[in-house]
Structure formats: C-alpha cells, structure tokens
Amino acid sequence: MAIASISAVALLATACGGSSDDSSGGGGDGGSGGEIVVNGCTPENPLVAGNTGETCGGNVLDTITAKLIHYDSETAEPSMDIAESIETDDNQNFTVKLKDYKFQDGTDVTAENFVKAWNYTAYGPNAQQGSYFFAPIKGYDEIQCSGEGDDPCAGDGEPDTKKMSGLKVVDDKTFTIETTEKVSNLPLRLGYSAFAPQPDVFFDDPEAFGQEPVAAGPYKFDSWEKNKAINLSKFDDYSGEFGGQVDKITFKIFKEQEAAYTALLGGQIDIIDALPANALIGDKFKSDLGEGHFLEQPNSTSQWIGTNPKVSEKLSDVNVRRAISMAIDRETIIKQIFNGAYEPSTGVVSPVVDGFKEGQCGEYCSYDPEKAKELLEKGGGYEGKLALTYNGDGGHKEWTEAVCNSVKNAIGIDCVATPTVDFATMLTDLGDNELKGLWRMGWVMDYPSIENYLAPIFSKGAASNYYQYDNPEFQKLLKQAAAADDADEANKLYQEAERVLSDDMVAIPLWYGKSMMGWSDDVDDVKADPFGNPVLADVTLK
C-alpha cells in the first residue's frame, strides 16, 4: 500500500471509528462488540489486494485480509499468520507450510490459492499494481509483456505462459518459492497485502470480485456505498490469532480531512486517523478533543515532492531540481502549517525502519536561497508557471501553497499549488504520465525494511515509479543488497542506493510523518501502528 495517499497532516492513513449511526456517533455496551465508524477515502481501484497501492483501498484490505506474515501493531516485528513456517537454507529456495484457515465464503485457504493469486497479480496483461512485488520470483520475466508501443501485451508481445516457474504447489498446505537470486528479506515482505491469497471465486470474475471482495482476515466485507461508505463486519469463523473487538467497522468516505474532523467533533464518527492542518494551529485539536482523546507518535510516513523529468522537460536538469529543494524552508513550513509537529527530512527513508541513515540528501535538503539561485542559473533557469499538484481530498492545500510561496520567494519561480479532485484521480494521471511539474507524494511502508522505500517506488518498471526513474547504478546496488547474506550488509548497500537517488533528486524530501489521531468519548484502546494506521482490531467501545 504504500503510497501514502491521504492526509497531509498525519500524512496518511485513513481509519477512524464511530457508530454506524451517524446521528449518534460511537457508543455501545462497552468492551467488545458494537460498531465503530472510521474516516475513509475513495479507493483508486476495486478492492483487489494485488491491485491496490494506496491507503484508501489498502486500509480496508488490511482489515479484511490475512497474509502469511503478521506485523506487530506496536513494533512491526513479523510473526507467522497463515504461515505455519517459512524455511530456507540458501535465501533462494523457500518452503511455505500453511495453517488451517478459511476464507469468508467458507472455503479452505490452500497452497493453490496463494500460487494462483500470485501468478495472477504478476502476469503482465493483468496490469496489477502489485505485480512488481513478485519480480524476484523465478519465471517472473517470462510472464511479462514483451511488445512495444501503446499495448506491449498485444500480438507477439503477449507472454507464452501465465505461470511463474518459481512457484510450485506441493500439497494443499505446502508450496515452494524459488527466486532468481538470493532475497534475504523475502519472508519479511510476505505480510504485504499483494501477497494475500485469493479464493477460487476471485478467478471467476476478478473485476466483479473487487466490488465485493472475500478474504481470510478477521473482518469481512459487507457493502460498498460509492463515495459514501465501505461497511465491514466481524468474520465469525476467522481462523487466526489477530481477531477484532467490535462487531462492525464502517469506513465513511470524506473528500476533505477537514470535513472528517468536523464529523468527529459532531459525533458522526468515532476516530479520525489524521488531523487537518487547521486543527494543529495552536494545538487547537487538544482543546477540541480533550485529554485522552488524541495521540501523537512517529510513524513510517515519508513525505516528498516528486517529478518526472521525462514529462517535465523544464525540470530535466538536476540542478533545477536541487535548486527547488534548497528553496524550500522546511522548518518554517512545519512550524507555521503543522505547528512544529514533524521533522524535516534528510532523505526518503523513514527513521522508524532498520537501515535508516540520516543526512542522505546532504546540503540539498537545507534551506539556502543563495545557493539555490546559483543552482537554478547553472541549470538554465525556469520560465513560466510551475504546478505543484496535490490531491484535494487529503488536506494538502495549506502546505503545498506554503512550499510554492517559499520557492517563489527564494528563487522567483512562479510555483502554483494545483489540486486534483482526489487521490485516485491524481494517481491515474501520474500513471498516464500526464502530470507535468511537481506533485506531492508520500510513502507508508508496506513492510518494515529500508528496501521498501526504494525498490517498489524507484526501481525501473516499478508500479509506483511515477518518476520513470532509471539509474543503472541504483539498480545495481538494489540487486546487490537483495543478495546480501545478512541485514547489516544489505542495509549498507541500500543506503548507498538511497544516496544515488538523493543525488538525482527526482524526489525532494520534505518531512517525516507522525500519526496524529483523534477519537470520540465513545471508544477506547485507540492505538496507531508503525505504519501510521489506527489498530482497528483493538478498538473497543466504552
């Protein structure tokens, strides 16, 4: 999920809790049971685990799916979920054994459900956003499209096979994975939603399935009221150890975070996972919500500004991009817009993950208008307006305007903050290479690894590589890191890769995120996980 869609402030996430009755807010009989309403947003795609790369749909899928691995809600430490064991002697050949789990349609979760789902997601013509995550598996290249032009999957470009040779079903409860090279952190990755199994019914009609998904997690999908709400309820036959407390969870969809916050104050929802910027001014949210009804804690979000130099020729010179970065007064913007809530970034990797190295961006992440002017001149200058696009449903208006004002004042570029209707629209435009200039972007880790901030976003061909970034040195370092024998060696190589990325400056780091959530007096046990999401399964009603 990764792409941090949504809010500016806590910079991401999406869930909140409350009553299913908008007029009464939360409430219930206390403890487990009852209903909560959480704030949500419009998913970019149908609710298919392998084709969801943003938090609007991802937060829903995380609530209804079970994967091989579960990440601890406090530490993100991995533990076995559906997997009974994942064994390897060489970090290249893995044997996965499964526990007894059931899908929400009553069918058993089998090895075949994993292998078929992974092949479907990875298969090029299916154009699934999660395809890239399967690239390490042997045979991945053989199921990708090889043609050119508008439709590389047409004619002779269509793959000859739909199955990766590196996946083998041994029996109902066992399958094997062979990767093309050593992948030391493969088991760690398997808790990401793209690796979730799919029931047999999915393969009958994947598009229709995405409107009424079935999974194996603690909550099941009930209904999707377009642009209004997504409704879930507890799965009575859930097989795992990570079940939920309340009976029903509703993701109420808002177009603006300010509206969600107003709904929280009005008792229409119970939890908001990100506070709007106007609630941070003077710590207003503390008096609005009252002691014991909010939290602030670092999370895995990293916020930056992206650009695609191949689409925006005026930004093709790296010195222009570096000049813009040095024209952004991060500390002042954080102080004025976010009331000092965040920390200025020194790279794209979050400090919460193992392998983080401070200062990767070097001097280019410091505010220095004079040096910025020199770099802009060296890069040939910039004529005309420069759009900084943001999604209008995430509360990003204030800070993007502040960034533009900083750039304008420091180096004279006519920067204009420009909204899209919602995050889904912005991602579609990015995917079609239609957005020129700059755009806001953020990332919430899919799994707790420095690699997750690099490979899925900036690798050549990665689904989230909206920058069309392609640096052979970067690719080589990622490859070497993935094959490293231990985590320390891998982290050093990933750090070198991040440094290469920072020098190229297709992503201009801004600040590291913090979970800032609020909740009503009707709910209890509200916590945030390291990914930046509320731990909905633990929420109880008073």
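The rules we used
Residues numbered from 1 in each chain as written. Predicted model: local features only at pLDDT ≥ 70, side-chain atom pairs only at ≥ 80, totals over all residues. Heavy atoms only, no water. Domains from an automatic or database assignment. Contact = heavy atoms within 4.5 Å. Buried area = accessible area lost by both parts, 1.4 Å probe. Salt bridge = Lys/Arg side-chain N within 4 Å of Asp/Glu carboxyl O. Polar contact = N/O pair within 3.5 Å; in protein donor to acceptor, adjacent residues only side chain to side chain. Nonpolar A, V, L, I, M, F, W, Y, C, P; charged D, E, K, R; others polar. Helix = DSSP H or I, 4+ residues; strand = E, 2+ residues; numbered from the N terminus. Disulfide = S-S within 2.5 Å. Buried < 20%, exposed > 50% of the residue type's maximum accessible area, 1.4 Å probe, protein only. Pairing = 2+ DSSP bridges. Right-handed = clockwise from strand over helix to strand, strands pointing away. Axes fitted to C-alpha atoms, helices over the stretch in contact; angles between N-to-C directions.

What the domain assignment reports for the protein chain is domain 1 (66-200) and domain 2 (299-514). Each of domain 1 and domain 2 has a C-alpha centre, and these two points are 30 Å apart. Counting from both sides, the interface comprises 14 residues of domain 1 and, opposite them, 20 residues of domain 2. A buried area of about 1400 Å², summed over both sides, lies between domain 1 and domain 2, and 58% of it is on carbon and sulfur atoms. Area buried by domain 1 at its contact with domain 2 is led by Tyr132, Lys182 and Arg189, which between them contribute 35% of it. The interface formed by domain 1 and domain 2 contains three salt bridges. Residue Glu181 is joined to Lys479 by a salt bridge in which the shortest nitrogen-to-oxygen separation is 3.2 Å. There are six residue pairs in polar contact (both at pLDDT 80 or more) connecting domain 1 and domain 2. Of the residues that constitute the side of domain 1 that touches domain 2, the class distribution is seven nonpolar, four polar and three charged.

In this structure, Ser233 sits in strand E9 (residues 229-234). Engagement of the side chain of Ser233 in a polar contact is seen with the side chain of Asp222, the distance being 2.8 Å. For Ser233, the residues in contact, after removing those within four places along its chain, are Tyr219, Lys220, Asp222, Asp247 and Lys248.

To continue, consider the state of the cysteines. One pass over the full model with this rule turns up four disulfides. A sulfur-sulfur distance of 2.1 Å marks the disulfide that ties Cys361 to Cys365. Residues Cys361 and Cys365 are joined by a disulfide whose S-S torsion is about 85 degrees; by sign, that bridge is right-handed. Assessed through its relative accessible area of 2%, Cys361 is described here as buried. What makes Cys365 buried here is its relative accessible area of 11%. Looking at the protein chain, its bonded cysteines, counted consecutively from the start of the sequence, adopt the pairing 1-2, 3-4, 5-6, 7-8.

A word on the pattern of salt bridges. According to the stated counting rule, one finds 20 salt bridges in the structure shown. Notably, a salt bridge pairs Glu296 with Lys286, separated by 3.9 Å at the nearest N-O pair. In this pair, Glu296 is assigned in strand E12 (residues 294-307) and Lys286 in helix H8 (residues 284-289), connecting sequence segments 10 residues apart. With a relative accessible area of 35%, Glu296 lands in the partly exposed category. The residue Arg499 makes a salt bridge to Asp503 at a minimum N-O spacing of 3.7 Å. Of the two residues, Arg499 and Asp503 both sit in helix H16 (residues 487-504), four residues apart, roughly one turn of that helix. Through salt bridges with shared partners, a single network forms among Asp283, Lys286 and Glu296.

In this section: the pairing of strand E15 (residues 414-420). Two strands pair when backbone bridges link them, and strand E14 (residues 385-391) and E15 are joined in this way by seven bridges, in the parallel orientation. Looking at E15, one finds that Ala387 is bridged to Val416. Between E14 and its parallel partner E15, the chain crosses via helix H12 (residues 397-411), and the hand of that crossover is right-handed.

The alternating pattern of strand E5 (residues 93-98) places Phe94, Val96 and Leu98 on a buried face, while none of Asn93, Thr95 and Lys97, on the opposite face, is buried. Across five bridges, the pairing between strand E4 (residues 83-88) and E5 is antiparallel. Bridging across to E5, Ser85 finds its partner in Lys97. If you look at the hairpin formed by E4 and E5, you'll find four residues sitting between the two strands, and Asn91 has a positive phi there, around 60 degrees. As judged from the five bridges shared by E5 and strand E7 (residues 174-178), these two strands associate in the antiparallel manner. Within the sheet, the bridge partner assigned to Lys97 lies in E7 and is Thr174.

Here we take up the sheet that holds E4. With antiparallel pairing, the four strands of this open sheet are ordered in space as E4-E5-E7-E6. Single-partner strands in this sheet number two, and they are E4 and strand E6 (167-171). Pairwise comparison of adjacent strand axes, ignoring direction, gives a mean angle of 20 degrees for this sheet. Helix H2 (residues 111-122) rests against E5, E6 and E7 of the sheet, and its axis sits at about 170 degrees to E6.

Of note, Asp283 is a non-glycine position whose phi angle comes to about 55 degrees, a positive value. Structurally, Asp283 can be placed in the loop between helix H7 (277-280) and H8. For Asp283, a relative accessible area of 28% corresponds to the partly exposed category.

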